[in-house]
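Fold and contact review
Take a look at the letters that make up each chain.
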Amino acid sequence: MQRELNQKEAAHANAVREMFSGIAKRYDLLNHLLSLNIDKGWRRKVSGELRDVLDRKDAVVLDVACGTGDLSIELRRNSSARIIGTDFCRPMLTVAQSKPSGGTTPIPYVEGDALRLPFADNSFDAVTIAFGLRNLASVADGLAELFRIIKPGGRLAVLEFSAPVVPGFGKLFNFYFSHILPRIGGAVSGSRGAYEYLPDSVSKFPDQKRLVTMMDSTGFGAVKFRNLTGGIAALHIGTKP
């Protein structure tokens, strides 16, 4: 049974890696275009939630599933902490490494699977994951792995698409996600399948309250969330006791 699960996880990871490899060069353009640049503000919210950690010179912060590095770079902005990015898709990291990251030294980007991160237990003062948790073969296993590498007293920030809370907005959002976005994304990136995967993965991801429950069950304390842009996205914060 465990072997079958491992094979399923490996197949899922390979499919997701191949998909993101195919759109890496146009990923940023499409992110900003399709979100009307709202995604930049969402990342600033993450940075704001972790400001006390980012202001510490002795702090180390890991950005998991960092993709092309946008959140890693945002975390680095006006930060005293050391920022590290990790992702399992090498072409995405290649794009990240090509970007100016601020500071006197480049952000180190490490290739690694979010379900088997190449870091020791209790290594980081804060960990972030933006639009990456839903891509894992197991959300529960992903949370457990993130919990493992966070220091006691450290925090996890999860930025992810979620369930819109404004009346009527959900149907409009779902229509855009399911019908408009795949057409535009497919035309620009050349991979419509990648943008058909997006709404499918979002529909299967736990909503705001369910994710709170899962983080609680993993062991995080003081779990809270805030809706962004009417619940299109949500930012969850939890602390490792």
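Keep in mind that this is a model prediction, so the values were computed, not measured.

Conventions we followed
- Residues numbered from 1 in each chain as written.
- Predicted model: local features only at pLDDT ≥ 70, side-chain atom pairs only at ≥ 80, totals over all residues.
- Heavy atoms only, no water.
- Helix = DSSP H or I, 4+ residues; strand = E, 2+ residues; numbered from the N terminus.
- Contact = heavy atoms within 4.5 Å.
- Areas by Shrake-Rupley, 256 points an atom, 1.4 Å probe, with all protein chains shown as cover.
- Polar contact = N/O pair within 3.5 Å; in protein donor to acceptor, adjacent residues only side chain to side chain.
- Buried < 20%, exposed > 50% of the residue type's maximum accessible area, 1.4 Å probe, protein only.
- Pairing = 2+ DSSP bridges.
- Right-handed = clockwise from strand over helix to strand, strands pointing away.
- Arc of directions from axis to C-beta.
- Phe/Tyr/Trp six-rings, centres within 6.5 Å; stacked < 30°, edge-to-face > 60°.
- Axes fitted to C-alpha atoms, helices over the stretch in contact; angles between N-to-C directions.
- pLDDT = per-residue confidence, 0-100.

**Here's the deal with the overall build of the chain**
Along the chain, the regular secondary structure elements total 10 helices and seven strands. Restricting the contact set of the chain to residue pairs at least 6 apart, pairs at least 24 apart contribute 71%. Split by element, the accessible area of the chain, about 11400 Å² in all, is 55% carbon and sulfur.

**Structural notes on the environment of Asp87**
Here Asp87 is to be found in strand β2 (residues 82–87). Taking C-alpha positions, Asp87 is 8.6 Å from Asp63, a pair spaced 24 residues apart along the chain. When residues no more than four places from it in sequence are discounted, the contact partners of Asp87 are Ala65, Cys66, Gly67, Leu93, Val110, Glu111 and Gly112. Polar side-chain contacts of Asp87 include one of 3.3 Å to the backbone nitrogen of Cys66.

**Some points on the pairing of strand β1 (residues 60–64)**
In terms of burial, β1 is a largely internal element, five of the five residues being buried. Of the two faces of β1, the one holding Val60, Leu62 and Val64 and the one holding Val61 and Asp63 are both buried throughout. By the bridge criterion, five bridges tie β1 to β2 in an arrangement that is parallel. Counted as the bridge partner of Val60 is Arg82 from β2. Following the chain from β1 across helix α5 (residues 70–76) to the adjacent parallel β2, one finds a crossover that is right-handed. Note that β1 and strand β4 (residues 124–130) share four bridges and pair parallel. What sits directly across from Leu62, in β4, is Val127.

**Describing helix α7 (residues 139–149)**
Taken together, the buried positions of α7 are occupied by Val139, Gly142, Leu143, Glu145, Leu146 and Ile149. For α7, the angular spread of the buried residues around the axis is 160°, confining them to a single face. Against β1, β4, β5 (150–161) and α10 (208–218) lie the buried residues of α7.

**Things to note about the packing of aromatic side chains**
Per the stated rule, a full pass over the model turns up five aromatic pairs. Between Trp42 and Phe131 the ring centres are 6.0 Å apart and the planes differ by 45°, which places this aromatic pair in the tilted class. Of the two residues, Trp42 is situated in helix α3 (residues 38–49) and Phe131 in the loop between β4 and α7; the sequence distance between them amounts to 89 residues. Of the two residues examined, Trp42 and Phe131, each falls in the buried class.

**Concerning the pairing of strand β6 (residues 221–228)**
Sheet topology places β6 next to strand β7 (residues 233–239); six bridges connect them, and they run antiparallel. Bridge pairing in β7 places Leu228 opposite Ala233.

**Regarding unusual backbone geometry**
Phi at Ala65 is positive, roughly 55°, even though this residue is not glycine. Of note, Ala65 is situated in the loop between β1 and α5.

**Describing the sheet that holds strand β3 (residues 109–111)**
The strand order β3-β2-β1-β4-β5-β7-β6 describes an open sheet built from seven strands, whose pairing is mixed. With one partner strand each, in any of the chains shown, β3 and β6 form the two edges of the open sheet. Going from strand to strand, the sheet's axes swing by 20° on average, the running direction of each strand aside. Note that β5 and β7 share seven bridges and pair antiparallel.

**Points about the side chain of Arg155**
Relative to the assigned elements, Arg155 resides in strand β5. The exposure class of Arg155 is buried, given its relative accessible area of 16%. Among the polar contacts listed, one links the side chain of Arg155 to the side chain of Asp52, at a separation of 2.6 Å. Setting aside residues up to four positions removed in sequence, Arg155 forms contacts with Glu49, Leu50, Asp52, Val53, Asp125, Ala126, Val127, Ile150, Ile237, Gly238 and Thr239.

**A word on the confidence of the model for the chain**
For the chain, mean pLDDT is 87; residues scoring 70 or higher make up 83% of the total. Long-range and interchain partners of residues 1–5, a stretch whose pLDDT sits below 50, account for zero contacts in this model, where long-range means more than four residues apart.

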